[in-house]
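Remarks on the overall topology
Residue strings, one per chain:
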Amino acid sequence: MPSKKQVYLAGPFFSPEQNDRLDQVADLLIKNPTIDADSLFKPGQHPYPDAEFGTFEWQVATFNVDTRQIDQADVVVAVMDFKSEEGEFEPDSGTMWECGYAFAHNKPVILARFRDNLPINLMLAGSATAIFNGEADIENLSTYDFFELHNKYVQTDIF
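Right, let's walk through the structure included here. (Residues numbered from 1 in each chain as written. Predicted model: local features only at pLDDT ≥ 70, side-chain atom pairs only at ≥ 80, totals over all residues. Heavy atoms only, no water.)

Considering the pattern of salt bridges
Note the following rule: By salt bridge we mean one thing: a side-chain nitrogen of Lys or Arg within 4 Å of a carboxyl oxygen of Asp or Glu. Numbering of helices and strands runs from the N terminus; a helix is a DSSP stretch of H or I covering at least four residues, while a strand is a stretch of E covering at least two. Type-normalised accessible area, obtained with a 1.4 Å probe on protein chains alone, sets the label of each residue: buried when under 20%, exposed when over 50%, and partly exposed for intermediate values.
Scanning the model with the defined rule gives two salt bridges in all. With a shortest N-O distance of 2.5 Å, Asp23 and Lys42 are connected by a salt bridge. Taken together, the positions of Asp23 in helix α1 (residues 16-31) and Lys42 in the loop between α1 and α2 (56-72) put the pair 19 residues apart, joining distant regions of the chain. Take Asp23: its relative accessible area is 33%, and that puts it in the partly exposed class. We note a salt bridge from Lys152 to Asp137, for which the minimum N-O separation is 2.6 Å.

Below, the structure written as structure tokens:
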């Protein structure tokens, strides 16, 4: 059996609701037997300690750590919900950038979206190997085969 897959878990982590969604997805991935639970990387849990948050040094260090972690990962799983509790449904721009970077570096991109009745950006949908759409479907991340990486799409409006 091949080595378990290393995951970079992309998504916003700027509010309690966003962190709850990331934690839910992380818990499902940890249960998945094809995922290396010990190497699951959540950017918000690895702050740069040698500079004050938001300073130029912190920004450069954070960017470099995150891009290196994407480079080291086997797959990027991205939570698309950003400020849905505030009625805003566009994905977080940093998460979209991470998806594009991963795709450009031949990393599979798996999208997870808790709201299943929203349009999805054409470029994000096109870069995805699989899309888990809606709370019930997201539960399938615990059994999805990250070795096989079968394509999984959903019919949705695009923008």
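Some details on the sheet that holds strand β3 (residues 109-113)
Defined as follows: In this analysis, strands are considered paired if DSSP registers two or more bridges between them. In this analysis, axes come from line fits to C-alpha atoms, helices being fitted only over the stretch in contact, and the angle between any two N-to-C directions falls in the range 0 to 180 degrees. What makes two residues a contact is simply this: any of their non-hydrogen atoms within 4.5 Å.
Pairing in this open sheet of four strands is parallel, and the strands run β1-β2-β3-β4 from one edge to the other. Both outer strands of the open sheet, β1 (7-10) and β4 (130-133), are each paired with one neighbouring strand and no more. In this sheet, adjacent strand axes meet at a mean angle of 15° when their direction is disregarded. In terms of strand pairing, strand β2 (residues 75-79) meets β3 through four bridges, oriented parallel. Across the sheet, the residue bridging to Val76 is Val109, located in β3. Running at roughly 160° to β1, α1 makes contact with β1, β2 and β3 of the sheet.

A look at the nonpolar core
What counts, and what does not: For our purposes a nonpolar core is just a set of buried Ala, Val, Leu, Ile, Met, Phe, Trp, Tyr and Cys residues, chained together by side-chain atoms within 4.5 Å.
Membership of the largest hydrophobic core comes to 21 residues, with the highest contact counts inside it found for Leu9, Val25, Leu29, Ile110, Leu141 and Phe146. Those elements that provide at least two residues to this core are β1, α1, β2, β3 and β4. Broken down by element, this core gets its largest block of residues, five residues, from α1. Counting 18 residues, the second-largest nonpolar core is a separate cluster that includes Tyr8, Val76, Cys99 and Leu111.

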